[in-house]
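# Examining the three-dimensional arrangement
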Amino acid sequence: MSTLRRLRSSAAGLFGLIVVAAILVTAGVSLFWTPFDPRATDVASRWLAPSWPHLLGTDLTGRDILSLIMAGSRTTVLVAIGAGLIATLIGLALGALGALTARWVRETVAVLVDVLIAFPVLIIAMLISTVHGGSLWVVVWAVGIGFGVNVARVTRPELRRVQHSDFVIAGKASGLSPLQNLVQHLLPNIAPVFIVQLSWAMATAVLAEAGLSYLGFGASVVDPSWGILLADLQRYIQIHPLTVVWPGLAITITVLAFNLLGDALRDATDPTLRTGRRPANRARAGEPRLPEVTA
Amino acid sequence: MLRYALTRGALLIAGLLVASALIFLALRVFPGDVAQLLAGNKATPEQVDAIRKALGLDQPLVLQYLGWIGGVLHGDLGTSQLNGASVAAELAQKAQVTVPLATLSLLVALIIAVPLGIGSALLRGRAAGTALNTAAQAVAAVPVVWAGMMLVVVFAVWLGWLPAQGFPRGGWADPGAALQALILPALTIGTIEGALLLRFVRSATLQAAGQDFVRTAAAKGLTRNRALLQHGLPAVGLSIITVLGIQVAGIIVGSVVVEQLFTLPGIGRMLVVDVGTRDLVKVQGELLVLTGMVLIIGFAVDLLHRALDPRQREADE
Amino acid sequence: MSLEVTDLVIEIDGRPVVDGVSFAVPDGARLGLIGESGSGKSLTALAIMGLLPDGATAFGSVRWNGREILNLPDRELAGIRGDEIGMVFQEPRTALNPIRTIGRQIAETIRIHERIDRRAARVRAIAEADRVALPEPARIVDRYPHQLSGGQRQRAAIAIALAARPRLLIADEPTTALDVTIQAGVLRLLLSLVESDGMSLVFITHDLAVLAQVATHAVVLADGRVVESGPLETLLTAPASPITQGLLRDATATLWRGEEQE
């Protein structure tokens, strides 16, 4: 598939792909093995600098930071995938409602989407937290809704465009049910635009987890998340300033990887970039809309 | 132009109404008895009922909503459950911290993004240009929380130049101290927003470079870079205005975290506390104000964009 | 003042889009560059001016008065552009800066190459507007492009291109986007200016009928290559290449069409 080839030829995209894969592997491995038990405290070994055997040092209770980060990658993966799934479902549902239905439904959805876009993910998270308290689910749902709306906004015009194309009309004429039509013709066409949004959504999810966990609305103290780790270590920043580097770096690299992957996917699947000439008015998969800063 | 302003204004009002309804519903309708939550586990059913009555939660939803909106239109955002303080008054007071913080952050972002974004477009294909673009992407991936921490480590812990947290008790009575307290926070938000904006400016500049009239300008005898700078930049400026709305949303969000990190007594920090104590009335009011600000700024930006866009002028004349 | 293009190759993303084009424009000559869309004519012109879009690279030789100018540093090419070689583009709607007055845009060409103050430049701009037969030149210089008609915009573009009196004018489909009733007028203007100034002309078009009114010699391009070249007479009466024959067939349908109405 030429898209895959183009993706591989981009250094940045390759980096993104490799890092994302590495995180998935780490998350999986951490289920079975980490250098130390991430919960094991060892008061005698508090605040060690990076050294053997604690390759990234230890925290205030002697827990091994490397193990904490490895275990934390599980949370990261779960949050990213969770948010991605919800964003997918909401985005497709809203997108379909906004493109394939009766006029009044479409108009209502359009207004709804435009208003929801103004709600930053953080605010949605706070809405949910006020009633339900904080948890990782808050992060997942907030990012899912926040980005789902984004996905809807981008897939809606694509769906409309494809809906009026010849082979879809032919499909309808030959008696395919609307659902079959959707699956066979529409979905593959919006897939490229969609996958790009998904990648960015996952980046946002990781950022959101960091910020929300720090604020107390995300992971709880017992979850091994990078955000909680940041929050814990931050309190001692005046005495042990550099321990926060590790979780911070982990988050940054992960977010960067998802972003680069998304960018590379967008470049690989956007036909207009091939010729150096731009056809007017083609809605591209999200550039230059800025991804949100979600803390 | 007038027609556009009216239509867009109507959309704004519709948007505000929908947003208020969404906020309201989210806080009332989500499963979970709010009165119970507030009363706590040990409360008797009578106490829970009392709270319910006090908050007006026993009334039909529509009435509750209308009551709230009616109050809002009079400038009354309700009073806190905990201490009875007026929400609107508290917001006004905390805004003294948040609004300057947001403004400073925006300035920092623009100062970083505009020259570097244009520069990275002009240097396209060369090592410096690629380096800038990559650096911007890396910075944009940094969580605001961590950026703030690192800045504190460098400027407060190691160098001791700036305070690690806090805001002067007397507020702006001592402008120098107040500003000092806001520098690191504004740098934190501004740098990351700036990195995001930089990539956008770069892209807008590249697009401007492809305009026909920029080519004509070069054909007259300007170097291609000069042609871009002298003829293409207004178009870039216009695109920047377009994304200002999104920038502001990002800054508002960033300020919530930053105020927490630097213990600044602003709106964001208040919001976090109120969500933690489940102070419905306050959260409702605060979120409405924040969302309203985003929507209103979006409206203002749209109008500004329309007024400045030469092609729209053509349509309007 | 002569232009010599030898073995020009232009690659986009590694693919040659212009593949070995050669032609010469002696002093005072009027050469047509003709072919279907996509044959590489515009790119050739842009390569001569050093205005190729990002992603395109040029190889070969372009000599202007014996001096090699292909791939010169942009600063040196900028000195040649406007002053020695001028260019008019196809689409007047987008070729002019929408937020500057016509007069200012004409004056800019002059001020780039000459030391002259604003007021004097404005006087010259009015004269240039008059030269291209724009109505009420003293007032039109204060108008914006969107206030002009299509034909007027193209005349303004011509004024901009010629304000510094270049020795060679490259016109890339200057009348194609214009209303058919106006094309003849603009063409006549172009011709008269070229003749009165003794300029050389490279005229790009896909329409042989238009070329017949303008050029003395022509080069026929297809797929980035020269398929035939020679005096226009010969091409019109005894075209050797099937491409030229096809162009001739398309052209006879549009021969001598329309009266000018400006």
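The structure we're discussing is the one just above.
The shown structure was predicted, so the numbers you read here are calculated from the model rather than taken from an experiment. (Residues numbered from 1 in each chain as written. Chains lettered and ligands numbered in written order. Predicted model: local features only at pLDDT ≥ 70, side-chain atom pairs only at ≥ 80, totals over all residues. Heavy atoms only, no water.)

## Brief notes about the overall build of chain B
To be explicit about the condition: Per the convention used, a helix needs a DSSP run of H or I reaching at least four residues, while a strand needs a run of E reaching at least two, with both numbered from the N terminus. Each residue is placed in one exposure class: buried if its accessible area under a 1.4 Å probe, protein chains only, is under 20% of its type's maximum, exposed if it is over 50%, and partly exposed if it falls in between. Contacts are assigned to residue pairs with any non-hydrogen atoms lying within 4.5 Å of each other. The Shrake-Rupley method, run with a 1.4 Å probe, gives the accessible areas here. Residue values count only the displayed protein chains as cover.
For chain B, the helix and strand inventory stands at 13 helices and zero strands. Seen in sequence order, chain B has helices and strands lined up from the N terminus as α-α-α-α-α-α-α-α-α-α-α-α-α. In chain B, which comprises 317 residues, the proportion classed as buried is 48%. In chain B, the proportion of contacts linking residues at least 24 apart, taken out of those at least 6 apart, comes to 72%. Taken as a whole, chain B presents about 13900 Å² of accessible surface, with 65% of it coming from carbon and sulfur.

## Considerations on the sheet that holds strand β9 (residues 217-222) of chain C
Residue and element names in this part refer to chain C. The line we're drawing: When DSSP finds two or more bridges between two strands, those strands count as paired. Where helices are involved, their axes are fitted lines through C-alpha atoms of the stretch in contact, as for all axes, and angles between N-to-C directions lie from 0 to 180°.
Pairing is mixed across the open sheet formed by six strands, whose spatial order is β6-β7-β8-β3-β9-β10. Bordering the open sheet on either side are β6 (85-88) and β10 (225-231), each of which pairs with just one other strand. Sheet twist, expressed as the mean angle between neighbouring strand axes with direction ignored, is 15 degrees. Pairing geometry for strand β3 (residues 30-34) and β9, over four bridges, is parallel. If you follow Leu 33 over to β9, its bridge partner there is Val 219. Helix α7 (residues 150-162) rests against β6 and β7 (168-172) of the sheet, and its axis sits at about 170 degrees to β6.

## Thoughts on the packing of aromatic side chains
To keep it simple, the criterion reads: Stacked, tilted and edge-to-face are the three classes applied to pairs of Phe, Tyr and Trp rings, where Trp contributes its six-membered ring and a pair requires centres within 6.5 Å; stacked means planes under 30 degrees apart, edge-to-face means over 60, and tilted covers the rest. Criterion for a charge above a ring: Lys NZ or Arg CZ within 6 Å of the ring centre, and within 35 degrees of the ring normal.
Evaluation of the coordinates by the stated rule reveals four aromatic pairs over all chains. When the ring centre of Tyr4(B) is taken as reference, the NZ or CZ atom of Arg306(B) above it lies at 4.5 Å.

## Notes on the interface of chain B and chain A
We apply this condition: For any pair of parts, buried area is found by adding up, for both, the accessible area (1.4 Å probe) each one loses once the two are put together. What counts as a salt bridge is simple: a side-chain nitrogen of Lys or Arg found within 4 Å of a carboxyl oxygen of Asp or Glu. Counted as a polar contact is a pair of N or O atoms within 3.5 Å, where, for protein atoms, one must be capable of donating a hydrogen and the other of accepting one, and residues adjacent in sequence contribute only when both atoms are in side chains.
Between chain B and chain A, the residue contacts involve 54 residues of the former and 46 residues of the latter. Between chain B and chain A, the buried area comes to about 4500 Å², and carbon and sulfur atoms account for 80% of it. Summed over the three residues of chain B that lose the most area to chain A, namely Trp146(B), Met149(B) and Val253(B), the buried surface amounts to 13% of that side. Summed over the shared surface of chain B and chain A, the number is one salt bridge. Linking chain B with chain A are three residue pairs in polar contact (both at pLDDT 80 or more), by the criterion used here. Mapped onto the side of chain B that touches chain A, the elements with two or more residues apiece are α1 (2-29), α6 (127-140), α7 (144-158), α8 (175-209), α10 (224-261), α11 (267-276) and α12 (280-308) of chain B. The greatest single-element share of the side of chain B that touches chain A, amounting to ten residues, is contributed by α10(B).

## Thoughts on the sheet that holds strand β5 (residues 67-68) of chain C
Pairing between the strands of a sheet comes from backbone hydrogen bonds, and it takes one of two forms, parallel or antiparallel. Residues and elements named next belong to chain C. The antiparallel open sheet is built from four strands, whose spatial order is β2-β1-β4-β5. One side of each edge strand has no neighbouring strand; the edge strands of this open sheet are β2 (15-25) and β5. Pairing of strand β4 (residues 56-64) with β5 involves two bridges; the strand directions are antiparallel. From the neighbouring strand, Trp 64 faces β5, where its bridge partner is Arg 67.

## Observations concerning the interface of chain C and chain B
Between chain C and chain B, the contact holds 30 residues from the first and 19 residues from the second. In total, about 2100 Å² of surface goes out of reach between chain C and chain B, with carbon and sulfur atoms giving 55% of it. Ranking the residues of chain C by area buried against chain B places Phe89(C), Ile99(C) and His146(C) at the top, with a combined share of 22%. Where chain C touches chain B, the interface holds two salt bridges. We note a salt bridge from Lys220(B) to Glu108(C), for which the minimum N-O separation is 2.7 Å. Connecting chain C to chain B are 17 residue pairs in polar contact (both at pLDDT 80 or more).

## Re the pairing of β2(C)
Residues and elements named next belong to chain C. Direction of pairing for strand β1 (residues 3-12) relative to β2: antiparallel, over a ladder of eight bridges. Residue pairing for β2: Leu 3 is matched across the bridge by Val 25. What sits between β1 and β2 in their antiparallel hairpin is a turn of two residues, with Asp 13 showing a positive phi close to 50 degrees.

## Details of the nonpolar core
For clarity, the cut-off: Here, nonpolar core refers to any group of buried Ala, Val, Leu, Ile, Met, Phe, Trp, Tyr and Cys residues whose side-chain atoms link them within 4.5 Å.
In terms of nonpolar packing, the biggest core is built from 138 residues, with Phe119(A), Met126(A), Tyr214(A), Leu215(A) and Met149(B) touching the most fellow members. Sort the elements by how many residues they give to this core and helix α8 (residues 178-215) of chain A lands first, with 14 residues. Setting aside anything within four residues of it in sequence, one finds Leu215(A) in contact with Leu122(A), Met126(A), Val256(B), Val257(B), Gln260(B) and Val272(B). Of all hydrophobic cores here, the second largest spans 51 residues; its members include Leu148(C), Ala156(C), Ala218(C) and Ala251(C).

## What to know about the side chain of Glu90(B)
With respect to the helices, strands and loops of the structure, Glu90(B) is situated in helix α5 (residues 87-122). With residues near it in sequence (within four places) discarded, Glu90(B) still touches Ala85(B), Met270(B) and Lys282(B).

## Some points on the pattern of salt bridges
For the structure shown, the criterion picks out 26 salt bridges over all chains. Arg235(A) is the partner of Asp232(A) in a salt bridge, and the nearest nitrogen-oxygen pair spans 3.3 Å. Of the residues examined, Arg235(A) reaches a relative accessible area of 56% and is grouped as exposed. Residues participating in the shared-partner salt-bridge network are Glu90(B), Lys94(B), Asp274(B), Lys282(B) and Glu286(B).

Any functional reading would require information beyond the geometric quantities listed.
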